[in-house]
Amino acid sequence: MILNTKILLERAREGGYAVGAFNTVNLETTRAILDAAEELSSPVIIQITEKTMDYAGGRALFQLVSNLAEFYHRDIPVGIHLDHGKSFEIVEHAIDIGFPSVMYDGSRHTFADNVRTTRKVAEYAHERGVSVQGELGNVPYLAEVHGVVDWDDYMTDPDEAARYVEETGIDTLAVAIGNAHGFAAERPEPDYDRLKRIVEKVSVPLVLHGASDWEDGRAEKVSGIGIACFNVDTAIKLAFVGELTKVIGEGDKTDIRSVLEPAMHAVREAVKGKIRLYRSDGKAEVINNG
Ligand code: 13P
Ligand code: ZN
């Protein structure tokens with residue numbers, strides 16, 4: 001069953017857990033994510049990037065995710081979300097296709113430009129019943145950062161965050177508190193105090209991008225402070241490609257499923273691990289019962 005992501009995140013915040021938002025690129029990753037959620041009776045968000053829309057066909061992949069959620073997983077609350085839309089046009093396109101939730105990522109622009117476009121996105125989206133995530137601060141991509149990361153350059157300023165949310169009307173906010181996309185060889189301790197100050201000043205649910213390697217107590221801690229959603233992509237790719245690489249020589253060369261099925265299974269197990277970490281297992285029923 002497809003549900004509004006804003007509602008999913010608000011329910012998570014009230015219930016003291018977080019929802020995983022997992023990136024899909026194809027049928028196999030989508031099925032793996034939904035099967036994991038079904039097995040653990042958990043709400044889940046499936047997200048698609050602009051690049052993946054180019055790869056798979058945005059409309060086709062959106063329909064695939066919607067149909068699987070609607071017809072095979074009716075008891076699981078599923079959000080479908082555009083991840084990191086970098087322009088008004090891509091967000092508009094995703095909404096026209098039917099996405100019920102979008103992110104506009106203007107985090108690399110000036111504060112004023114980010115506010116201006118995010119507000120335009122929020123107005124367009126809200127007229128059509130679509131939820132909007134914005135980002136303030138900047139969650140870096142480790143693959144693009146060379147040399148030492150100066151984390152202070154990326155962090156979300158709590159006062160600016162309050163202004164950004166108020167001036168744009170967004171539904172959820174992605175924050176930078178020492179998180180980054182990709183696996184970091186070395187990570188600083190997250191800035192928990194900064195997160196606490198953001199929580200005090202911002203009323204909308206908060207999202208943590210780059211959560212693939214947040215395993216060692218950090219996820220639990222930030223979820224306790226107020227993170228309602230964790231974005232996970234790299235961990236899914238590693239599970240899929242890692243397993244595929246293992247089985248590729250052993251598979252039946254006349255049957256594509258013989259290599260894709262084990263890869264799908266590996267993603268399912270990885271997603272189950274994250275769902276348990278975020279403590280959203282068993283919460284589907286609570287949401288369904290209102
Ligand atoms: P990772 O690839 O680090 O898991 O980040 C995922 C993400 O933030 C998607 O928006
Ligand atoms: Zn991200």
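Read on for a plain summary of the structure.

**Comments concerning unusual backbone geometry**
The backbone of S41 sits at a positive phi, close to 50 degrees, despite the residue not being glycine. Along the chain, S41 turns up in the loop between α2 (27-40) and β2 (44-49). Phi at H84 takes a positive value of approximately 55 degrees, unusual for a residue other than glycine. As for its position among the elements, H84 is in strand β3 (residues 78-85).

**Some remarks on the packing of aromatic side chains**
Enumeration over the complete set of coordinates arrives at three aromatic pairs. Arranged with centres 4.4 Å apart and planes meeting at 15 degrees, the rings of F230 and Y278 form a pair that is stacked. Residue F230 is located in strand β8 (residues 227-232), and its partner Y278 is located in helix α11 (residues 257-278); the two are separated by 48 residues in the primary sequence. Grouping residues by exposure puts F230 and Y278 together as buried. A cation over an aromatic ring shows up here: K120 above the ring of F88, its NZ or CZ 4.3 Å from the ring centre. Positioned above the aromatic ring of Y17, the side-chain terminus of K283 is 5.0 Å from the ring centre.

Criteria and cut-off values
Residues numbered from 1 in each chain as written. Chains lettered and ligands numbered in written order. Predicted model: local features only at pLDDT ≥ 70, side-chain atom pairs only at ≥ 80, totals over all residues. Heavy atoms only, no water. Helix = DSSP H or I, 4+ residues; strand = E, 2+ residues; numbered from the N terminus. Phe/Tyr/Trp six-rings, centres within 6.5 Å; stacked < 30°, edge-to-face > 60°. Buried < 20%, exposed > 50% of the residue type's maximum accessible area, 1.4 Å probe, protein only. Lys NZ or Arg CZ within 6 Å of the ring centre and 35° of its normal.

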